[in-house]
Amino acid sequence: MSVQQISTGKFIDDEEVFAIELTNSKGTYVKIFNYGAIINQFIVENIHGKKQDIVLGFDTFEQYMDPAYLTEYPYLGAVIGRYANRIKGGKFSVGNEHYQLDLNTDDSTLHGGLVGFDRKVWDIVDLDENLNAVTLQYESIDGEEHFPGNLIVDLTFELTENNELILSYEAETDAPTPINLTHHGYFNLAPGGGNVSKHQQQIFASHYLEQDQGYSVTGKLIPVVDTPLDFTIMKEIGKDWDESTGYDQSFVLDKTYGDLSLASKTIEANSGLTLSVYTTEPIAHLYTAKYLDVKNGKGGRDYVGFDAFCVETQHHPNAVNISEFPNTILQPEDLYTQTTIYKVSLTQ
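Please read these numbers as outputs of a predicted model, since none were measured by experiment.

Caption draft 1: Geometry of the pairing of strand β27 (residues 336-346). Where strand β14 (residues 164-173) meets β27, 8 bridges bridge the pair, whose relative direction is antiparallel. In the strand pairing of β27, Tyr-169 is matched with Gln-338.

In C-alpha cells, the structure reads:
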C-alpha cells in the first residue's frame with residue numbers, strides 16, 4: 001500500500017492543487033485532486049488481467065479548468081455540497097429565517113449553487129499510510145452561496161486491500177444549516193467505454209421519488225413495480241429506458257435509516273467487473289448522463305450522452321421543503337456523518 005501527495009504546479013485563489021495517489025497491494029490505483037475532491041482515476045484489473053480505468057475524467061488537471069468544459073459543466077468526479085441535487089425554487093426556511101439561493105438550473109438550485117464544493121480547493125489535513133487514506137477538509141463560511149452558518153466538512157478517502165474505495169464524511173456547523181453531500185463519479189465498466197445501456201444494473205429500492213418537469217422531487221413516493229424504474233432484479237440499464245432520456249431518478253432504498261447496506265450493483269460482461277455501492281444514506285440517485293458533452297477526455301476521447309452512469313448516494317433531494325422527508329438541517333450540537341463505499345470485484 002502507498003499514499004503519495006504530488007503537486008500539480010497549479011494554484012487556484014492562491015491555494016495549491018495537489019494530486020493524492022492511493023495504491024493497494026493488488027495494484028488498484030486511485031488518484032484524487034484536492035480541488036473539488038475529484039476522483040480523477042480509479043484503475044483496477046479486469047477479468048482479462050488488464051488494467052482499466054473505470055471513471056471518466058481528463059488526462060491533466062488543467063483540462064478541468066477549460067472554459068468549454070466549465071460551460072457544459074457535468075461535475076466530473078467531484079464532491080457535491082452544501083446540498084446535492086435540487087432545492088426547488090432555491091428557497092428554504094430554518095426556523096423563522098427564510099433564505100433565497102441563486103438559481104442555476106431551471107427554477108431550482110442544483111448541487112450547491114453557482115460555486116459549490118466541487119469548485120473549491122480543499123485542505124489536505126491527513127495522509128495515513130497505515131489506512132492507505134487521505135483526509136480533505138473544507139470550511140464553507142456563513143453566507144457562502146447564501147447558506148447560513150460556518151460549516152466544516154472532512155472527507156476521507158480510504159483504499160482497502162479488498163478494492164473498496166471508502167468515502168467517509170463528517171461535518172459540523174455553528175448555526176443550523178441544510179446539508180446533503182454526495183460524490184458525482186461517472187463510471188463506465190466496459191474496457192473500451194461507450195454507451196452503458198448494456199451494463200447490468202440492480203438497485204435495492206422498491207420506491208422512487210416523483211419529480212416535476214424540472215427534475216425537482218415533489219414529496220411523493222411511487223412503487224417501482226411495473227415501471228421502467230424497477231431495478232429490484234438485475235437487468236440491462238437500457239432494457240426498459242427511453243433511449244432519448246435514460247435515467248435521472250432518485251430511488252428510496254429498502255433499508256434501515258442510517259445503516260450501512262448494499263444500495264446498488266452494476267455488472268459489465270466484457271470486463272467481468274462488478275461495482276457494488278454501499279451506503280448509510282437513504283437515497284441512491286441513478287443518472288445515465290443524458291447531458292454529457294465533454295471534449296477531449298481521457299486519451300482524447302469525447303464523452304457523449306449515456307457514456308457513463310452515476311450512483312449518487314445522498315439524503316432526499318429538496319427535503320428542506322418537504323416535511324415528510326428525513327431532516328437535512330444540521331444543528332450546531334450535532335455531527336453530520338455519511339459513509340459510502342465503491343467496491344470493485346470480478347463477477348462471479
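Caption draft 2: The environment of Lys-51, seen in detail. Mapped onto the elements of the fold, Lys-51 is located in strand β5 (residues 51-53). Along the backbone, Lys-51 and Pro-191 are 140 residues apart, and their C-alpha atoms lie at a distance of 9.1 Å. Discounting residues that sit within four places of it in the chain, Lys-51 has contacts with Lys-26, Gly-27, Thr-28, Ile-43, Val-44 and Glu-45. Engagement of the side chain of Lys-51 in a polar contact is seen with the backbone oxygen of Lys-26, the distance being 3.4 Å. A polar contact of 3.3 Å, which involves the side chain of Lys-51, links it to the backbone oxygen of Gly-27.

Caption draft 3: A look at the packing of aromatic side chains. If you walk through the whole model with that rule in mind, you get 21 aromatic pairs. An angle of 40 degrees between the planes, with centres 5.3 Å apart, marks the rings of Phe-187 and Tyr-342 as tilted. One end of the pair, Phe-187, is in the loop between β16 (182-184) and β17 (200-203); the other, Tyr-342, is in strand β27, with 155 residues separating them in the sequence. Owing to a relative accessible area of 3%, Phe-187 belongs among the buried residues under this scheme. When its relative accessible area of 3% is taken as the criterion, Tyr-342 is described as buried. Between Phe-231 and Tyr-247, the ring centres sit 5.1 Å apart and the planes meet at 75 degrees, which makes this aromatic pair edge-to-face. With Phe-231 in the loop between β19 (217-223) and β20 (235-236) and Tyr-247 in the loop between β20 and β21 (248-253), this pair connects stretches of sequence that are 16 residues apart. What makes Phe-231 buried here is its relative accessible area of 1%. Through a chain of ring-to-ring contacts, three or more aromatic side chains come together here, namely Phe-33, Tyr-35, Phe-58, Phe-61, Tyr-64, Tyr-69, Tyr-73 and Tyr-75. We note Arg-119 situated over the ring of Tyr-73; from NZ or CZ to the ring centre the distance is 4.2 Å.

Criteria and cut-off values
Think of each chain on its own: its residues are numbered from 1, step by step along the sequence as written. Local features in a predicted model are, by the rule used here, given only for residues with pLDDT of at least 70; side-chain atom pairs are given and counted only at 80 or more, and totals for whole chains, interfaces and linings are based on all residues. Neither water nor hydrogens contribute to the side-chain values; these are computed over all heavy atoms in the structure. At least two DSSP bridges between two strands are needed for those strands to be called paired. Put simply, DSSP H or I for four residues or longer makes a helix, DSSP E for two residues or longer makes a strand, and each gets a number counted from the N terminus. In what follows, residue pairs with any heavy atoms lying within 4.5 Å of each other are defined as contacts. Polar contacts, as counted here, are pairs of nitrogen or oxygen atoms within 3.5 Å of one another; within protein the pair requires one atom able to donate a hydrogen and one able to accept it, and residues that are adjacent in sequence qualify only if both atoms are side-chain atoms. Any two of the Phe, Tyr and Trp rings considered here, Trp counted by its six-membered ring, make a pair once their centres fall within 6.5 Å; the pair's planes then place it as stacked at under 30 degrees, edge-to-face at over 60, or tilted in between. Residue burial is assigned from relative accessible area. The probe radius is 1.4 Å, only protein chains are included, and a residue is buried under 20% of its type maximum, exposed over 50%, and partly exposed in between. In this scheme, the term charge over a ring applies when either NZ of a lysine or CZ of an arginine sits within 6 Å of the ring centre and within 35 degrees of the ring normal.

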